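For reference, the chains in residue letters:
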Amino acid sequence: MDVDFRKQFVREPNSLRHHPALVLNADYRPLSYYPLSLWPWQDAIKAAWLERVDIVAEYDEVVRSPSTEIRLPSVVVLKDYVRPQKRVAFTRFNLFLRDQFCCQYCGTKGDLTFDHVVPRARGGITSWENVVAACSSCNLKKGARSLRQANMSLLRAPRRPGAEELRNTGRKFPPNHLHKSWLDFLYWDAELEA
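In what follows, the accompanying structure is described. (Residues numbered from 1 in each chain as written. Predicted model: local features only at pLDDT ≥ 70, side-chain atom pairs only at ≥ 80, totals over all residues. Heavy atoms only, no water.)

**Observations concerning the packing of aromatic side chains**
Then comes step 1: Inspection of the entire model under this criterion finds three aromatic pairs.
Then comes step 2: With 6.3 Å between their ring centres and 65° between their planes, Phe93 and Phe101 make a pair best called edge-to-face.
Then comes step 3: Phe93 sits in the buried class, given a relative accessible area of 16%.
Then comes step 4: Since its relative accessible area comes to 1%, Phe101 is described here as buried. (Phe/Tyr/Trp six-rings, centres within 6.5 Å; stacked < 30°, edge-to-face > 60°. Buried < 20%, exposed > 50% of the residue type's maximum accessible area, 1.4 Å probe, protein only.)

**Describing the nonpolar core**
Then comes step 1: Judged by nonpolar contacts, the single largest core of 24 residues is most densely connected at Leu97, Phe101, Cys103 and Tyr105.
Then comes step 2: Residue assignment for this core shows that the elements contributing at least two residues are helix H3 (92-98), strand S6 (131-135), helix H5 (147-150) and helix H6 (163-170).
Then comes step 3: The element that contributes the greatest number of residues to this core is S6, accounting for five residues. (Core = buried A, V, L, I, M, F, W, Y, C linked by side-chain atoms within 4.5 Å. Helix = DSSP H or I, 4+ residues; strand = E, 2+ residues; numbered from the N terminus.)

**Observations concerning H6**
Then comes step 1: When H6 is considered as a whole, its buried residues turn out to be Ala163, Leu166, Thr169 and Gly170. Down the axis, H6 shows its buried residues gathered within 125° of arc, on one side only.
Then comes step 2: Packed against the buried residues of H6 are H3. (Arc of directions from axis to C-beta. Contact = heavy atoms within 4.5 Å.)

**Points about the sheet that holds strand S4 (residues 69-78)**
Then comes step 1: Pairing in this open sheet of four strands is mixed, and the strands run S2-S1-S4-S3 from one edge to the other. Of all strands in the sheet, those with a lone pairing partner are strand S2 (38-39) and strand S3 (53-64), marking the two edges.
Then comes step 2: Bridge count between strand S1 (residues 21-24) and S4: three bridges; the pairing is parallel. When the bridges of S4 are listed, Leu22 appears paired with Val75. (Pairing = 2+ DSSP bridges.)

**Considering the pairing of S4**
When a strand is regular, its side chains alternate between the sheet's two faces.
Then comes step 1: In terms of burial, S4 is a largely internal element, seven of the ten residues being buried.
Then comes step 2: Pairing of S3 with S4, which is carried by eight bridges, proceeds in the antiparallel orientation. Paired with Val62 across the strands is Arg71, a residue of S4.

**A short note on the environment of Leu72**
Then comes step 1: With respect to the helices, strands and loops of the structure, Leu72 is situated in strand S4.
Then comes step 2: Taking the relative accessible area as the measure of exposure, Leu72 reaches 4% and is therefore buried.
Then comes step 3: For Leu72, the residues in contact, after removing those within four places along its chain, are His19, Trp41, Ile45, Glu58, Tyr59, Glu61, Val62 and Val63.

**Let's talk about the state of the cysteines**
Then comes step 1: In the structure shown here, the tally under the stated rule is zero disulfides.
Then comes step 2: Cys102 carries a free sulfur, and the closest cysteine sulfur to it, the one in Cys103, is 6.8 Å from it. (Disulfide = S-S within 2.5 Å.)

**Looking at unusual backbone geometry**
Glycine aside, residues mostly have negative phi, and peptide bonds are mostly found in the trans state.
Then comes step 1: The backbone of Glu51 sits at a positive phi, close to 60°, despite the residue not being glycine.
Then comes step 2: On the secondary structure map, Glu51 appears in the loop between helix H2 (41-49) and S3.
Then comes step 3: Positive phi, normally seen in glycine, also occurs at Gln100, with a value near 55°.
Then comes step 4: Here Gln100 is to be found in the loop between H3 and strand S5 (112-116).

**Some remarks on the pattern of salt bridges**
Then comes step 1: Considering all chains together, one arrives at nine salt bridges under this definition.
Then comes step 2: Of the charged contacts, one joins Arg98 and Asp99 as a salt bridge, the two residues approaching to 2.8 Å between their closest N and O atoms.
Then comes step 3: Overall, Asp99 belongs to the buried group, its relative accessible area being 4%.
Then comes step 4: When salt bridges that share partners are traced, they join Glu58, Asp60 and Arg71 into one network. (Salt bridge = Lys/Arg side-chain N within 4 Å of Asp/Glu carboxyl O.)

Here it is in structure tokens:
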């Protein structure tokens, strides 16, 4: 059920359903893990044609024009380094990602909304430090009461996540499809089994 819930936040355009290209920064790391940085094959070919990317891996399929035949790119690397954002935007998606798509009161996944720990009716503000992911039943149970009044507790205290922390959390949620040519670039720094 939680897989379906996460799909609500990362919609896959039709152009990414067939032969998407994994986009790596100039340091050979994905621009993002969740959602995974993917381009439609058309954009990858255009960027390669304009010499903005290098093609690192290719699919077996080709596209043809009257004068050219090109294998579809599977992995492309940007020629210019794109500096990752240091500030994390306070969005519903990033909040759920910080809380790993899990209710911070009971731990269930799916059917999430968000809850103000200190209710707005009691002066609570909408910020990283006061908002958590919550399932509908826990949100209703707590209502406009404090944690103590509702006899509830948090699994983790809410806090502002760092950009790198959020990127690493995103790695825990791989997309449904991972092409074999992508694996070395997605998990090159994963701990090896002994």
